[in-house]
Amino acid sequence: YEAITGPTGVLYYDQAKAYQGYTLFDPTVASKTTYLIDMRGNIVHTWQSEYTAGLHSVLLPNGHLLRAGALPRKTEVGYCGIGGAGGILEEFDWDGKKVWEYKMFIPNKEIQHHTFCRMPNGNTMILGWETLTNDEARKLGRNPLTIPTKPVMSKGIPHDRFWVDFVREIDPAGKTVWEWHIKDHIGKGPKKFDINYTLPMPMGEMYATYDWSHFNTVNYIPETDTVVMNSRNLSEFYFINHKTGEVEYRWGNPSAWDPNAKKPGYWDDGSQKLFGNHCATPLKNGHVLIFDNGSERPQDRRSRAVEVDPKTGKVVWEFRTRHTNSFNSHRQGAVQRLKNGNTLITSTHGGHIFEVNPEGRLVWEFVNPISAGKAKAVFHNIDGLPFEAHIDGMANMVHRAYRYGEDYPAFYGKTLTPQGYIAGDDAPRFFRDYHAGAGFAAPAAAPAAAPAAAAKAPAKAPAEDDGGDGPTMNAY
Ligand SMILES: O=[N+]([O-])c1ccc(OS(=O)(=O)O)cc1
């Protein structure tokens, strides 16, 4: 369900099959609030930052929120207008007090973007872009004919140099303990990155300018001391040896590095498997789960979640919808494997977060009601972003959502009281009214009018008639 217009909130909930817990998400556009909601879409907790999302949050086992924020930008050279630029990590305790922060932004030099990961030893890996001047790029082998001669505008900011990826690991005191830079790994062959790679001409030579590599994920596998990275523009994910920095494995697009691999053409994917992918996530079974956007894919312009076994290079599971307009996020997007084997998918452009079981059946579905900072019970086509702002993007975009099970340690000792619907308690409860047969009683009379801004309403238990796990859950 990714209609331009329609209801928001929880649209479907199969209580018997969904993975019970709480869903954390940051509306991407013009919102400084992080939401934790229950399975029915009630707010159970929020955090406030002074920054909009840069681009997502995680809930740590101790109940703290670790969130990337977007620092204010100026429209001058030195700032970074590439989609995903953030600049600051903030850690808040459960009560919203800031307990830690790390800024990564120096104009003309470096900026945090997209994501980060907290490691088991308490260190934090942060994805960054650093600048590479035209001269430096030329020395590294970039074809001078593909270096812009005039500043390139992005989000109103002129860019006169490349922003290329790096990862920094910091300790809790903010000291750098490890770095990896793509500019140190440029060259030919399976262990290097081709600084002249772009999608070939049939796809319009996408990504030819200053945003060359465009990574969007960093994850860490402690068992093997491996860093997992994901490049949207090269359409691959990587295993990087944490000790040596070497590329140990890559999957998704052989034509990005192998001269003998078949390039995609007008109607043919060639040897390329992923197109514009995000969120490569290592699983406990050794596989990797990826959000394959399908952007620029010649054969089939649609998104899918795909699980790959790196040992064989084979796709062992995937989810796609029958109709492309039910699930298609041109950019961004996320996947999470849940403990019961289900998969939570964030299809960014529709603000669409949904859970499917291993058979590909929908068990929970939610559309973010926050559109450009305002809560809406129903989304109208005028609520979309203007076309130039972001291809296909809607103003209720969510970059990445996470579900945390009821037994997640962050909830120990917390009282998670439903505080009403994001769009107000007078908003229709679609999941109950439309699916009365799926374990829910028949719709009750319309609930009494509630304050418009439910998020600010005093904690109260909205009327529920579904005989579920009760309006208030006291975690242990
Ligand atoms: O416009 N944005 O918000 C945006 C665009 C692209 C983007 O990069 S991507 O890798 O997530 O597609 C992130 C954010």
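See above for the structure.
None of these values were measured; they are calculated from a predicted model. (Residues numbered from 1 in each chain as written. Predicted model: local features only at pLDDT ≥ 70, side-chain atom pairs only at ≥ 80, totals over all residues. Heavy atoms only, no water.)

Novice: I'm lost on the overall build of the protein chain in this one. Help?
Specialist: Within the protein chain one finds 2 helices and 34 strands. Relative to its full complement of 476 residues, the protein chain shows a buried share of 60%. Partitioning the intrachain contacts of the protein chain with sequence separation of at least 6 by distance along the chain shows that 59% fall at a separation of at least 24. Of the roughly 19,000 Å² of accessible surface on the protein chain, 54% is carried by carbon and sulfur atoms. (Helix = DSSP H or I, 4+ residues; strand = E, 2+ residues; numbered from the N terminus. Buried < 20%, exposed > 50% of the residue type's maximum accessible area, 1.4 Å probe, protein only. Contact = heavy atoms within 4.5 Å. Areas by Shrake-Rupley, 256 points an atom, 1.4 Å probe, with all protein chains shown as cover.)

Novice: Even after reading the chapter, I still don't get the nonpolar core, so can you show me in this structure?
Specialist: One finds Met125, Phe193 and Trp212 to be the most contacted residues of the largest nonpolar core, which totals 30 residues. Breaking this core down by element, the ones donating at least two residues are strand 12 (124–132), strand 15 (162–170), strand 16 (176–181), strand 17 (215–221), strand 18 (226–231) and strand 19 (236–241). Beyond its immediate chain neighbours, meaning those up to four positions away, methionine 125 contacts Phe116, Cys117, Met119, Val167, Arg168, Glu169, Trp178, Val218, Tyr220, Val227 and His242. Formed by 27 residues, the second largest nonpolar core is a distinct cluster that contains Leu89, Met104, Tyr408 and Phe411. (Core = buried A, V, L, I, M, F, W, Y, C linked by side-chain atoms within 4.5 Å.)

Novice: What is the right way to look at the pattern of salt bridges in this model?
Specialist: A side chain of one charge can pair with a side chain of the opposite charge when the charged atoms of the two come close. The full count for this structure, using the stated rule, is 28 salt bridges. Taking the shortest distance from any N to any O, the salt bridge between lysine 188 and aspartate 194 comes out at 3.7 Å. Classification of lysine 188 as exposed rests on a relative accessible area of 66%. Taken together, the shared-partner salt bridges connect Asp292, Arg297, Asp300, Arg302, Arg304, Glu318 and Arg320 into one network. (Salt bridge = Lys/Arg side-chain N within 4 Å of Asp/Glu carboxyl O.)

Novice: It is not clear to me how unusual backbone geometry should be interpreted in this structure. Could you clarify?
Specialist: A negative phi holds for most residues other than glycine; trans holds for most peptide bonds. Residue leucine 55 is reached from glycine 54 by a cis peptide bond, and omega for that bond is 25 degrees. With respect to the helices, strands and loops of the structure, leucine 55 is situated in strand 6 (residues 52–59). In the Ramachandran plot, histidine 114 falls in the positive-phi region, its phi being about 60 degrees despite a non-glycine side chain. Tracing the backbone through its elements, the reader meets histidine 114 in strand 11 (residues 110–118). Judged by relative accessible area, which is 2%, histidine 114 ranks as buried. Notably, glutamate 296 is not glycine yet its phi reads approximately 65 degrees, a positive angle. Along the chain, the position of glutamate 296 falls in the loop between strand 22 (288–292) and strand 23 (304–309). Take glutamate 296: its relative accessible area is 6%, and that puts it in the buried class.

Novice: How should I be thinking about the packing of aromatic side chains in this particular structure?
Specialist: The description of two aromatic rings rests on the distance between their centres and on the angle between their planes. Scanning the model with the defined rule gives 24 aromatic pairs in all. Residues phenylalanine 237 and tryptophan 251 carry aromatic rings whose centres are separated by 6.2 Å and whose planes lie at 35 degrees to one another, so their mutual orientation is tilted. You can see phenylalanine 237 sitting in strand 19 and its partner tryptophan 251 sitting in strand 20 (residues 247–251), a full 14 residues away along the chain. Phenylalanine 237 sits in the buried class, given a relative accessible area of 0%. (Phe/Tyr/Trp six-rings, centres within 6.5 Å; stacked < 30°, edge-to-face > 60°.)

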